[in-house]
Amino acid sequence: MSELSISSDGRDDPAVFGDKVAAGEAGGADTIWIANHLFLRDPAVLGALTLSETQRLKVALMAVSPLTQHPVQIAMATATLAERFPGRVKLCLGVGAPADLAAIGVDGAKPLRAMREALQLVRALLSGESVTFQGETFRVDRRRLAASGGDIPIVLAASGPQMLELAGAEADGVLISAGASVPFVQQTLHSVARGAKGRKLKTSGLVYASVDADERRANDRVRRILAILLRGAHHKVNLDLAGSVLDQAALNAAVVAEDWSRAEAMIGDDIVARHAASGTPEQLRRRLAEYHASGLDEIVIAGVRDGAQIKQLLKSS
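Everything numeric in this text was worked out from a predicted model, so none of it was measured.

Caption draft 1: A look at the overall build of the chain. Along its length, the chain carries 14 helices and eleven strands. Taken against the 2.2 N^0.38 rule, which gives 20 Å for 317 residues, the C-alpha radius of gyration of the chain at 19 Å falls within 12% of a compact globule. For the chain, the C-alpha atoms occupy an extent of roughly 60 × 40 × 40 Å along the three principal directions. Of all 317 residues assigned to the chain, the portion counted as buried reaches 50%. At a minimum sequence separation of 6, the contacts of the chain that also span at least 24 residues come to 72%. Carbon and sulfur atoms make up 52% of the accessible area of the chain, which totals about 14300 Å². In the chain, which carries 36 positive and 36 negative side-chain charges, the distance between the mean positions of the two groups comes to 3 Å.

Caption draft 2: Quick peek at the UniProt feature "domain: Luciferase-like" (unreviewed entry) in the chain. When the UniProt feature table is mapped onto this chain numbering, "domain: Luciferase-like" (unreviewed entry) sits at residues 18-297. With 50% helix and 17% strand, residues 18-297 has its two end C-alpha atoms placed 26 Å apart.

Caption draft 3: Structural detail: the pairing of strand β4 (residues 89-93). Along β4, five of the five residues are buried, which leaves the element largely enclosed by surrounding structure. Along β4, one buried face is formed by V89, L91 and L93 and the opposite face, lined by K90 and C92, is buried too. With four bridges connecting them, strand β3 (residues 58-64) and β4 associate as parallel partners. Considered in β4, the bridge of L61 is made with L91.

Caption draft 4: Highlighting the pattern of salt bridges. Enumeration over the complete set of coordinates arrives at 28 salt bridges. Close ionic contact of E298 with K202 constitutes a salt bridge, the shortest N to O distance being 3.9 Å. Taken together, the positions of E298 in strand β11 (residues 298-302) and K202 in strand β9 (residues 202-211) put the pair 96 residues apart, joining distant regions of the chain. According to the relative accessible area criterion, K202 is partly exposed, its value standing at 27%. Measuring nitrogen to oxygen at the nearest pair gives 3.2 Å for the salt bridge that ties D269 to R216. Placement of D269 in helix α12 (residues 269-275) and of R216 in helix α8 (residues 215-230) is noted, with a sequence separation of 53 residues between them. When its relative accessible area of 47% is taken as the criterion, R216 is described as partly exposed. The network of salt bridges with shared partners includes E3, D30, K58, K90, K202 and E298.

Caption draft 5: Layout of helix α14 (residues 307-316). Along α14, the residues classified as buried are G307, Q309, I310, L313, L314 and S316. Those residues of α14 that are buried are in contact with β1 (3-8), α1 (14-27), β9, α8, α13 (281-293) and β11. One side-chain oxygen at the N-terminal end of α14 lies 3.2 Å from the backbone nitrogen of A308; it belongs to D306.

Caption draft 6: Up close: the nonpolar core. I32, L93, L126, L156, M163, V174 and I301 are the most contacted members of the largest nonpolar core, which totals 73 residues. Sort the elements by how many residues they give to this core and helix α5 (residues 112-126) lands first, with nine residues. Listed in part, the 27 residues of the second largest apolar core include A178, L246, L251 and A263.

Caption draft 7: Spatial organisation of empty space enclosed by the protein. With the rule as written, the count across this model stands at one cavity of 30 Å³ or more. What lines the largest cavity is simply N36, H37, L38, S65, T68, V95, G96, A97, D100 and L101.

Caption draft 8: Fine view of the environment of A276. Along the polypeptide, A276 turns up in the loop between α12 and β10 (277-279). Take A276: its relative accessible area is 1%, and that puts it in the buried class. When the C-alpha positions of A276 and L288 are compared, they lie 9.0 Å apart, and in sequence the two are twelve residues distant.

Caption draft 9: Broad picture of the environment of L229. For L229, the location among the structural elements is in helix α8. When the C-alpha atoms of L229 and A178 are compared, they prove to be 8.6 Å apart, with 51 residues separating the residues in sequence. The residues touching L229, leaving out its near neighbours within four places in the chain, are A178, G179, Y208 and H235.

The rules we used
- Residues numbered from 1 in each chain as written.
- Predicted model: local features only at pLDDT ≥ 70, side-chain atom pairs only at ≥ 80, totals over all residues.
- Heavy atoms only, no water.
- Helix = DSSP H or I, 4+ residues; strand = E, 2+ residues; numbered from the N terminus.
- Rg over C-alpha atoms; globule rule 2.2 N^0.38 Å.
- Buried < 20%, exposed > 50% of the residue type's maximum accessible area, 1.4 Å probe, protein only.
- Contact = heavy atoms within 4.5 Å.
- Areas by Shrake-Rupley, 256 points an atom, 1.4 Å probe, with all protein chains shown as cover.
- Lys, Arg positive; Asp, Glu negative; His and termini not counted.
- Charge placed at Lys NZ, Arg CZ, Asp CG, Glu CD.
- UniProt positions renumbered as here; feature names shortened; annotations may be inferred.
- Pairing = 2+ DSSP bridges.
- Salt bridge = Lys/Arg side-chain N within 4 Å of Asp/Glu carboxyl O.
- Polar contact = N/O pair within 3.5 Å; in protein donor to acceptor, adjacent residues only side chain to side chain.
- Core = buried A, V, L, I, M, F, W, Y, C linked by side-chain atoms within 4.5 Å.
- 1 Å grid on protein atoms, 1.4 Å probe; cavity = no way out; pocket = protein on both sides within 12 Å on 5 of 7 lines; lining within 4 Å.
- Points joined across faces, edges and corners; volume = space filled by probe spheres on them.

In structure tokens:
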């Protein structure tokens, strides 16, 4: 079985986040991936709190964007955490949510060059050596970090073919977004392999998960989050590969209108079965095994709002 980790998307209030951390630590989760969504809670601060309050749980700063934060600042935060908690920190770079970028007037339409430079610059800075870097987007002139970063894995959150190939070519790992069907995971990992050209990197994937003795009750927990996600036009290939039939325009209209009963009704049990790991404990284990067999080394449980469910998911897996 692949590694099993948990996540927080920045919406969790202190009590919920604390329950998740406690459940992850007690339940044997490898890592808590803490998202970096603008206007929500800061992952570096939450990461520091988590590392201080646990003994073994690792922290991944998830999809920190060089379009909103300079790579030097990203490297500083990461190295500072790793200096105090060696071997327990990972960094995940990503472009950022389009709506977040638009809200602050940042154009994220062509991020590939900036992401490549950021990955190279952060890696150089974390090495502890003096760095001179002359890119088109970022520059550093003969400076080094005060904190020693050590051996920090750098993961790239990627979805498009070029970004996936960049992950394969230069990152230590790749993170696949939630809502992906097993065939879509396989297709994305083919793109990673093209970039990797034989080099090995760790493959991780966010997977919406829910478990309950009653399959319908388990599925009900993930219908809304899948509705919000799968309405996007960029998920058409994901849906088609899975054989999922979904009127994305109608779904989007329902979500925009916040007509949740209509939106959730469109996410049938068949859609849940193809785009999440949900159901009874046996169904959950079978689905997680399918995601692992698709090529994921690490499954990151996503879309869960309470520590009790995290505890049950880890126990059932």
